[in-house]
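Letter by letter, the chains look like this.
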Amino acid sequence: MNIVVCGGGPSGLYFALLAKKHLANIGTVTVFEQNPRDATFGFGIVLADRGLHRLRQADPESCEVITRSCFQSRNRIVTHRDEKIFIEGGGSGGAIARLRLLQILQRCCESAGVEVLYEHPLNAGNLPEADLIVGADGVNSVVRAAHADGFGATSHTLTGKLAWYGTAAHFPYPILSFKQNELGYFWCVAYAHTESMSTFVAECDAKTWLRSGLHAMNEEEARRFCEKLFASELRGHHLLSNKSLWGSFPVTRVQRWHVGNKVLVGDALHSAHPSIGSGTRIAMEDSIALINALKANRSLDDALHAFQRDRCRGKQLLLVAAEKSINWYETVVPRLQRYEPLELVFDYMARTGRLDEPRLMAEYPRFMRQYGARWREFMAAR
């Protein structure tokens, strides 16, 4: 079987690596990437402990290198109305620079015999010939666009606005910080992805985006605006820009995961909202599931049907959680107006419906010993 992978991001490279290493009838595996080698947008990405466990099962060698390159953190701090709430507990998270992850996967692919072609943009009219074409080319997937009706693709754009920055400010614990001024409500998410670098995501609602003038600012003007706005979080450090343009997040879904010999993974299949911090993990687990289906089925058609059937069961839980988290952020301004700091933390932790009291007691024991009674009061009145 000869395979073409469209997209040289984490899910595409990881699928190519696993295909070359684990498929018995494999021929050529070629990855087409539109950008130059080592060109990446964004800064750090999160690979939490559960995701790393699955990567380790799929390919221990690459996972070992990835794990060594992650900055491990636990706990978090939520700030609202200038009050900081420390949330101790939860699973460990490993954040890694996106470029570092790509470099690891690039080298592993090359060692395994995968051909990666950079600066090779594809479009719907020039998809290469292959026995299997894997669309790992993100939210603007040309593979999906070439057969949009066949995939049953739908897409809409959220109203909230955000921009991704980097900074040398170090955050040993991930933060979520809300603030209000005369222009409206802003918030930021920040987490370290190395010992000396952090990812910093600035966000606001659509009305605040317009009132603040961010919609009319160029990249440098917006960077300076955010640097001043979040000065207390940055503690004298600068924000670093890398195509850090303000925009709204697209939500893409498909009904059918494959059309003929073409199949989608990662954001091309379902775009994952950054608020659940699992987009890259979900995308790479799509690749694992597709490899498992190809290994377990003799015909390609059977394998692609098995991929959707089997992967959909587990992925649906994540997608439901993502939809609930999306709705929480899309409606966060009334919550900021209504809730006191601790109430907002409770509402934030409950937003996906996955953290019930038994799970909270197991994963956040100290937090619940301190706030358990108030949690129960809040949830009863919610």
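Preceding this section is the structure that the text describes.
A short tour of the structure in this document, coming up. (Residues numbered from 1 in each chain as written. Predicted model: local features only at pLDDT ≥ 70, side-chain atom pairs only at ≥ 80, totals over all residues. Heavy atoms only, no water.)

### Description of the packing of helix H2 (residues 49-58) against helix H10 (residues 279-296)
Packed helix pairs are characterised by how far apart their axes lie and by the angle those axes make with each other. Two numbers describe how H2 lies on H10: the axes approach to 10 Å, and their chain directions differ by 25 degrees. Accordingly, the angle class assigned to the pair H2 and H10 is roughly parallel. With respect to the hand of their crossing, H2 and H10 are arranged in left-handed fashion. Where H2 approaches H10, its residues Gly51, Arg54, Leu55 and Ala58 are matched on the opposing element by Arg281, Met284, Glu285 and Ile288. Here the residues of the contact of H2 with H10 are counted per class, giving 4 nonpolar, 1 polar and 3 charged. (Axes fitted to C-alpha atoms, helices over the stretch in contact; angles between N-to-C directions. Helix = DSSP H or I, 4+ residues; strand = E, 2+ residues; numbered from the N terminus. Parallel < 35°, antiparallel > 145°, perpendicular 65-115°, else oblique. Left-handed = near helix turned anticlockwise from the far one by under 90°. Contact = heavy atoms within 4.5 Å. Nonpolar A, V, L, I, M, F, W, Y, C, P; charged D, E, K, R; others polar.)

### Examining the pairing of strand S6 (residues 83-87)
Pairing between strand S5 (residues 76-80) and S6: 5 bridges, direction antiparallel. Bridge pairing in S6 links valine 78 to isoleucine 85. Hairpin connection, S5 to S6: the antiparallel pair is bridged by 2 residues, and arginine 81 has positive phi, about 55 degrees. (Pairing = 2+ DSSP bridges.)

### Digging into the packing of aromatic side chains
Any aromatic ring pair is given by two values, namely how distant the centres are and how the planes are angled relative to each other. For the coordinates displayed, the defined rule picks out 14 aromatic pairs. With centroids separated by 5.9 Å and ring planes inclined at 40 degrees, the aromatic side chains of phenylalanine 178 and tryptophan 187 adopt a geometry described as tilted. Taking relative accessible area as the criterion, tryptophan 187 reaches 3% and is therefore assigned buried. Taken together, a centroid distance of 6.4 Å and an interplanar angle of 65 degrees make the contact between phenylalanine 178 and tryptophan 328 edge-to-face. (Phe/Tyr/Trp six-rings, centres within 6.5 Å; stacked < 30°, edge-to-face > 60°. Buried < 20%, exposed > 50% of the residue type's maximum accessible area, 1.4 Å probe, protein only.)

### Some remarks on the environment of glycine 113
By the secondary structure assignment, glycine 113 is in the loop between helix H4 (98-112) and strand S8 (115-117). Of the residues examined, glycine 113 reaches a relative accessible area of 43% and is grouped as partly exposed. Spatially, the C-alpha atom of glycine 113 lies 8.3 Å from that of threonine 28, the residues being 85 residues apart in sequence.

### Observations regarding the environment of threonine 167
Here threonine 167 lies in strand S11 (residues 161-167). When sequence neighbours within four positions are dropped, the list of residues in contact with threonine 167 reads Ser196, Met197, Ser198, Phe200, Leu234, His237, His238, Leu239 and Leu240. Within the local environment of threonine 167, its side chain forms a polar contact with the backbone oxygen of histidine 238, the two atoms lying 2.9 Å apart. (Polar contact = N/O pair within 3.5 Å; in protein donor to acceptor, adjacent residues only side chain to side chain.)

### Brief notes about the pairing of strand S13 (residues 184-192)
A large share of S13 lies buried, amounting to 8 of its 9 residues. Across 7 bridges, strand S12 (residues 175-181) lies against S13 in antiparallel orientation. Residue pairing for S13: isoleucine 175 is matched across the bridge by alanine 190. If you look at the hairpin formed by S12 and S13, you'll find 2 residues sitting between the two strands. In this structure, S13 lies alongside strand S14 (residues 198-204), joined through 7 bridges in antiparallel fashion. Within S14, the position partnered with phenylalanine 186 by the bridge is cysteine 204. As consecutive antiparallel partners, S13 and S14 are separated by 5 residues.

### Some thoughts on the side chain of aspartate 347
Counting through the fold element by element, aspartate 347 comes out in helix H13 (residues 341-349). The buried category is assigned to aspartate 347, whose relative accessible area is 0%. The contacts of aspartate 347, once residues within four sequence positions are left out, are Trp328, Arg335, Tyr339, Phe378 and Arg382.

### Re the sheet that holds strand S4 (residues 71-73)
Reading across the sheet, the 3 strands line up as S3-S7-S4 and stay open at both edges, with antiparallel pairing between neighbours. Taken across any chain shown, the strands that pair with only one partner, and hence form the sheet edges, are strand S3 (44-48) and S4. On average, adjacent strands in this sheet sit at an angle of 30 degrees to one another, irrespective of strand direction. Both S4 and strand S7 (residues 93-97) contribute to a ladder of 3 bridges, which runs antiparallel. Within the sheet, the bridge partner assigned to serine 73 lies in S7 and is glycine 93.

### Some details on the packing of helix H1 (residues 10-22) against H4
The interhelical angle for the contact between H1 and H4, taken along N-to-C directions, is 25 degrees, at an axis separation of 9 Å. Considering the angle they form, H1 stands roughly parallel to H4. As H1 runs across H4, the sense of the crossing is left-handed. Across the interface between the two elements, Pro10, Leu13, Tyr14, Ala16, Leu17, Lys20 and Lys21 from H1 touch Arg98, Leu101, Leu102, Leu105, Gln106, Cys108, Cys109 and Ala112 from H4. Looking at the contact of H1 with H4 residue by residue, the class counts come to 11 nonpolar, 1 polar and 3 charged.

### Let's talk about the side chain of histidine 258
Within the fold, histidine 258 resides in strand S17 (residues 258-259). A relative accessible area of 13% places histidine 258 in the buried class. The contact partners of histidine 258, leaving out residues within four places of it in the chain, are Phe151, Val263, Leu304, His305 and Gln308.

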